[in-house]
Amino acid sequence: EAGVTQFPSHSVIEKGQTVTLRCDPISGHDNLYWYRRVMGKEIKFLLHFVKESKQDESGMPNNRFLAERTGGTYSTLKVQPAELEDSGVYFCASSPGARTQYFGPGTRLLVL
Amino acid sequence: AQSVTQLGSHVSVSEGALVLLRCNYSSSVPPYLFWYVQYPNQGLQLLLKYTSAATLVKGINGFEAEFKKSETSFHLTKPSAHMSDAAEYFCAVSEGGYQKVTFGIGTKLQVIP
(Lines give C-alpha, C1' and ligand atoms only; values in the text may rest on other atoms or scores of the structure.)
Protein backbone atom coordinates (compact mmCIF):
# COMPACT_ATOMS: atom_id res chain seq x y z
CA GLU A 1 0.00 0.00 0.00
CA ALA A 2 1.42 3.37 -0.99
CA GLY A 3 1.89 5.90 1.76
CA VAL A 4 1.09 9.59 1.79
CA THR A 5 2.95 11.34 -0.99
CA GLN A 6 3.78 14.99 -1.33
CA PHE A 7 5.00 17.04 -4.25
CA PRO A 8 7.35 18.75 -4.66
CA SER A 9 9.87 17.57 -2.11
CA HIS A 10 11.61 20.93 -2.20
CA SER A 11 10.64 24.35 -3.50
CA VAL A 12 12.66 27.56 -3.59
CA ILE A 13 10.77 30.68 -4.58
CA GLU A 14 11.14 34.42 -4.26
CA LYS A 15 9.05 36.56 -2.00
CA GLY A 16 5.84 37.55 -3.72
CA GLN A 17 5.63 34.46 -5.91
CA THR A 18 2.99 31.77 -5.70
CA VAL A 19 3.62 28.16 -4.74
CA THR A 20 1.27 25.20 -4.77
CA LEU A 21 1.96 22.12 -2.71
CA ARG A 22 0.21 18.85 -3.38
CA CYS A 23 -0.66 15.94 -1.11
CA ASP A 24 -1.95 12.54 -2.14
CA PRO A 25 -3.34 10.69 0.87
CA ILE A 26 -3.43 6.95 1.34
CA SER A 27 -6.21 5.56 -0.83
CA GLY A 28 -9.52 5.40 1.02
CA HIS A 29 -8.54 7.82 3.76
CA ASP A 30 -11.30 10.39 4.15
CA ASN A 31 -9.38 12.54 6.63
CA LEU A 32 -6.55 14.73 5.37
CA TYR A 33 -4.50 17.15 7.46
CA TRP A 34 -1.91 19.82 6.73
CA TYR A 35 0.79 20.79 9.22
CA ARG A 36 3.79 23.10 9.06
CA ARG A 37 7.10 23.27 10.86
CA VAL A 38 8.90 26.55 10.81
CA MET A 39 12.61 26.14 11.56
CA GLY A 40 13.27 25.70 15.26
CA LYS A 41 9.61 25.58 16.17
CA GLU A 42 6.97 22.94 16.74
CA ILE A 43 5.07 21.18 14.01
CA LYS A 44 1.78 23.07 13.93
CA PHE A 45 -1.64 22.11 12.64
CA LEU A 46 -3.01 24.08 9.70
CA LEU A 47 -6.26 22.42 8.70
CA HIS A 48 -8.30 19.23 8.44
CA PHE A 49 -10.44 17.95 5.58
CA VAL A 50 -13.07 15.27 5.81
CA LYS A 51 -13.50 14.20 2.23
CA GLU A 52 -13.81 17.51 0.36
CA SER A 53 -15.09 19.55 3.33
CA LYS A 54 -12.96 21.67 5.63
CA GLN A 55 -13.59 20.32 9.11
CA ASP A 56 -11.19 22.61 10.96
CA GLU A 57 -9.09 25.39 9.49
CA SER A 58 -8.25 27.09 12.76
CA GLY A 59 -4.51 26.80 12.16
CA MET A 60 -4.34 28.58 8.82
CA PRO A 61 -2.08 31.58 9.41
CA ASN A 62 -3.77 34.11 7.11
CA ASN A 63 -5.68 34.54 3.88
CA ARG A 64 -2.57 34.06 1.76
CA PHE A 65 -3.01 30.35 2.32
CA LEU A 66 -5.69 28.46 0.40
CA ALA A 67 -6.29 24.73 0.73
CA GLU A 68 -8.53 22.69 -1.49
CA ARG A 69 -9.51 19.06 -1.80
CA THR A 70 -11.72 18.81 -4.83
CA GLY A 71 -13.36 15.43 -5.18
CA GLY A 72 -12.13 14.33 -1.79
CA THR A 73 -8.93 12.79 -3.08
CA TYR A 74 -5.70 14.78 -3.31
CA SER A 75 -5.30 18.19 -1.73
CA THR A 76 -3.42 21.32 -2.68
CA LEU A 77 -2.12 24.11 -0.47
CA LYS A 78 -1.46 27.36 -2.26
CA VAL A 79 0.51 30.23 -0.81
CA GLN A 80 -0.05 33.50 -2.63
CA PRO A 81 1.89 35.73 -2.36
CA ALA A 82 4.63 33.95 -0.43
CA GLU A 83 6.45 35.80 2.36
CA LEU A 84 9.78 35.03 4.01
CA GLU A 85 8.08 33.71 7.16
CA ASP A 86 6.28 31.04 5.12
CA SER A 87 9.52 29.08 4.82
CA GLY A 88 9.42 25.73 6.53
CA VAL A 89 8.44 22.11 6.06
CA TYR A 90 4.84 21.43 5.15
CA PHE A 91 3.56 18.01 6.15
CA CYS A 92 0.43 16.27 5.02
CA ALA A 93 -1.19 13.41 6.91
CA SER A 94 -4.17 11.18 6.32
CA SER A 95 -6.24 8.79 8.38
CA PRO A 96 -9.09 6.40 7.64
CA GLY A 97 -11.15 7.52 10.60
CA ALA A 98 -10.65 7.85 14.33
CA ARG A 99 -7.21 6.35 14.11
CA THR A 100 -3.58 7.22 13.67
CA GLN A 101 -2.56 9.92 11.26
CA TYR A 102 0.00 8.78 8.70
CA PHE A 103 2.40 11.46 7.60
CA GLY A 104 4.01 12.16 4.28
CA PRO A 105 7.67 13.09 3.79
CA GLY A 106 6.97 16.80 3.72
CA THR A 107 7.67 19.64 1.30
CA ARG A 108 10.57 21.90 2.19
CA LEU A 109 9.69 25.44 1.18
CA LEU A 110 12.25 28.21 1.12
CA VAL A 111 11.13 31.74 0.36
CA LEU A 112 13.97 34.11 -0.54
CA ALA B 1 -6.43 23.32 25.14
CA GLN B 2 -3.79 20.67 24.68
CA SER B 3 -0.03 21.10 24.82
CA VAL B 4 3.16 19.07 24.94
CA THR B 5 6.48 19.82 26.59
CA GLN B 6 9.56 17.88 25.61
CA LEU B 7 12.45 18.32 28.02
CA GLY B 8 15.74 18.54 26.21
CA SER B 9 15.93 19.57 22.57
CA HIS B 10 19.16 17.56 22.22
CA VAL B 11 20.02 14.31 23.97
CA SER B 12 23.25 12.34 23.58
CA VAL B 13 23.69 8.75 24.67
CA SER B 14 26.39 6.17 24.15
CA GLU B 15 25.70 3.17 21.99
CA GLY B 16 24.23 0.47 24.21
CA ALA B 17 23.07 2.91 26.88
CA LEU B 18 19.52 3.56 27.99
CA VAL B 19 17.53 6.05 25.94
CA LEU B 20 15.10 8.25 27.90
CA LEU B 21 13.24 11.04 26.15
CA ARG B 22 10.90 13.02 28.36
CA CYS B 23 7.44 14.26 27.48
CA ASN B 24 4.78 15.95 29.58
CA TYR B 25 1.36 16.83 28.25
CA SER B 26 -1.65 18.90 29.07
CA SER B 27 -5.13 18.00 27.92
CA SER B 28 -8.65 18.87 29.04
CA VAL B 29 -9.94 15.41 28.12
CA PRO B 30 -8.41 11.92 28.29
CA PRO B 31 -5.68 12.19 25.71
CA TYR B 32 -4.40 10.16 22.84
CA LEU B 33 -0.60 10.29 23.00
CA PHE B 34 1.95 9.56 20.31
CA TRP B 35 5.64 9.40 19.67
CA TYR B 36 6.78 10.03 16.11
CA VAL B 37 10.33 9.76 14.75
CA GLN B 38 11.90 11.58 11.84
CA TYR B 39 15.06 10.09 10.42
CA PRO B 40 17.31 12.37 8.38
CA ASN B 41 15.71 13.37 5.08
CA GLN B 42 12.60 11.32 5.77
CA GLY B 43 9.03 11.98 6.88
CA LEU B 44 7.40 11.40 10.24
CA GLN B 45 6.98 7.77 11.26
CA LEU B 46 4.77 6.59 14.09
CA LEU B 47 6.77 4.87 16.84
CA LEU B 48 3.92 4.13 19.22
CA LYS B 49 0.62 5.44 20.52
CA TYR B 50 -1.49 5.40 23.68
CA THR B 51 -5.27 5.42 23.27
CA SER B 52 -6.55 4.56 26.78
CA ALA B 53 -5.79 0.86 26.77
CA ALA B 54 -2.63 -0.49 28.46
CA THR B 55 -0.53 2.21 30.09
CA LEU B 56 2.74 0.64 28.96
CA VAL B 57 2.88 0.86 25.21
CA LYS B 58 5.36 -1.00 23.07
CA GLY B 59 6.36 0.36 19.70
CA ILE B 60 8.66 -0.39 16.83
CA ASN B 61 12.44 -0.77 17.03
CA GLY B 62 12.40 -1.71 20.71
CA PHE B 63 10.94 1.56 21.99
CA GLU B 64 8.26 1.78 24.65
CA ALA B 65 6.49 4.50 26.60
CA GLU B 66 4.50 4.58 29.81
CA PHE B 67 1.43 6.73 30.32
CA LYS B 68 1.37 8.17 33.85
CA LYS B 69 -1.78 10.18 34.43
CA SER B 70 -0.72 11.41 37.87
CA GLU B 71 2.45 12.88 36.41
CA THR B 72 0.91 13.84 33.03
CA SER B 73 3.89 12.18 31.43
CA PHE B 74 4.53 9.90 28.49
CA HIS B 75 8.29 9.32 28.48
CA LEU B 76 9.91 7.27 25.72
CA THR B 77 12.53 4.66 26.56
CA LYS B 78 14.72 2.06 24.91
CA PRO B 79 17.01 -0.20 26.95
CA SER B 80 19.97 -0.11 24.56
CA ALA B 81 20.64 2.57 21.98
CA HIS B 82 21.76 1.70 18.47
CA MET B 83 23.51 4.00 16.06
CA SER B 84 20.46 3.73 13.81
CA ASP B 85 18.31 5.38 16.51
CA ALA B 86 19.87 8.76 15.79
CA ALA B 87 16.92 10.87 14.70
CA GLU B 88 14.51 13.53 15.89
CA TYR B 89 11.69 12.37 18.13
CA PHE B 90 8.38 14.12 18.58
CA CYS B 91 5.88 13.63 21.36
CA ALA B 92 2.33 14.54 20.41
CA VAL B 93 -1.16 14.70 21.90
CA SER B 94 -4.62 14.56 20.42
CA GLU B 95 -8.02 14.94 22.06
CA GLY B 96 -9.63 12.29 19.90
CA GLY B 97 -9.01 10.15 16.91
CA TYR B 98 -10.27 12.72 14.43
CA GLN B 99 -8.75 15.69 16.12
CA LYS B 100 -5.68 17.67 15.24
CA VAL B 101 -2.39 16.55 16.72
CA THR B 102 -0.37 18.96 18.85
CA PHE B 103 3.37 18.34 18.77
CA GLY B 104 6.22 19.04 21.12
CA ILE B 105 9.25 20.88 19.83
CA GLY B 106 11.15 17.67 19.17
CA THR B 107 14.23 16.05 20.68
CA LYS B 108 17.25 15.27 18.55
CA LEU B 109 18.88 12.06 19.71
CA GLN B 110 22.57 11.61 19.08
CA VAL B 111 24.10 8.16 19.59
CA ILE B 112 27.82 8.16 20.31
CA PRO B 113 29.86 5.10 19.29
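Everything numeric here is computed off the predicted structure, so don't read it as measured data.

Calculation rules
Residues numbered from 1 in each chain as written. Chains lettered and ligands numbered in written order. Predicted model: local features only at pLDDT ≥ 70, side-chain atom pairs only at ≥ 80, totals over all residues. Heavy atoms only, no water. 1 Å grid on protein atoms, 1.4 Å probe; cavity = no way out; pocket = protein on both sides within 12 Å on 5 of 7 lines; lining within 4 Å. Points joined across faces, edges and corners; volume = space filled by probe spheres on them. Helix = DSSP H or I, 4+ residues; strand = E, 2+ residues; numbered from the N terminus. Nonpolar A, V, L, I, M, F, W, Y, C, P; charged D, E, K, R; others polar. Contact = heavy atoms within 4.5 Å. Buried area = accessible area lost by both parts, 1.4 Å probe. Salt bridge = Lys/Arg side-chain N within 4 Å of Asp/Glu carboxyl O. Polar contact = N/O pair within 3.5 Å; in protein donor to acceptor, adjacent residues only side chain to side chain.

S.K.: Now, about the layout of surface pockets: what can you tell me, with residues and values included?
M.R.: Empty pockets left among the atoms are what a rolling probe the size of a water molecule brings to light. Looking at the largest pocket, its volume works out to about 580 Å³. Secondary-structure elements contributing two or more residues to the lining of the largest pocket are strand S9 (88-95) and strand S11 (107-111) of chain A together with strand S9 (87-94) of chain B. Within the lining of the largest pocket, the residues separate by chemical class into 10 nonpolar, 8 polar and 4 charged. Roughly 200 Å³ of internal volume is contained in the second largest pocket. Residue lining of the second largest pocket: 13 residues in total, with Gly3, Tyr102 and Phe103 of chain A together with Leu44 and Gln45 of chain B positioned closest to the centre. Broken down by secondary-structure element, the contributors of at least two residues to the lining of the second largest pocket are strand S10 (102-103) of chain A together with strand S5 (44-50) of chain B. The leading source of residues in the lining of the second largest pocket is S5 of chain B, at 3 residues.

S.K.: So what's going on with the interface of chain A and chain B? Which residues, and what values?
M.R.: Contacts between the two partners involve 22 residues from chain A, matched on the other side by 17 residues from chain B. Carbon and sulfur atoms make up 56% of the surface buried where chain A meets chain B, a total of about 1700 Å² over both sides. Interface area lost by chain A to chain B is led by Ile43, Thr100 and Phe103 of chain A, which between them contribute 30%. On inspection of chain A and its partner chain B, the count reaches 1 salt bridge. Ionic pairing is found between Arg37 of chain A and Glu88 of chain B, a salt bridge with its closest N-O pair at 3.0 Å. Our enumeration of links across chain A and chain B arrives at 5 residue pairs in polar contact (both at pLDDT 80 or more). Listing elements by their share of the side of chain A that touches chain B, those giving two or more residues are strand S4 (31-37) and strand S5 (43-50) of chain A. Broken down by element, the residue count for the side of chain A that touches chain B peaks at 4 residues, all from S4 of chain A. Residues that form the side of chain A that touches chain B fall into these classes: 8 nonpolar, 8 polar and 6 charged.

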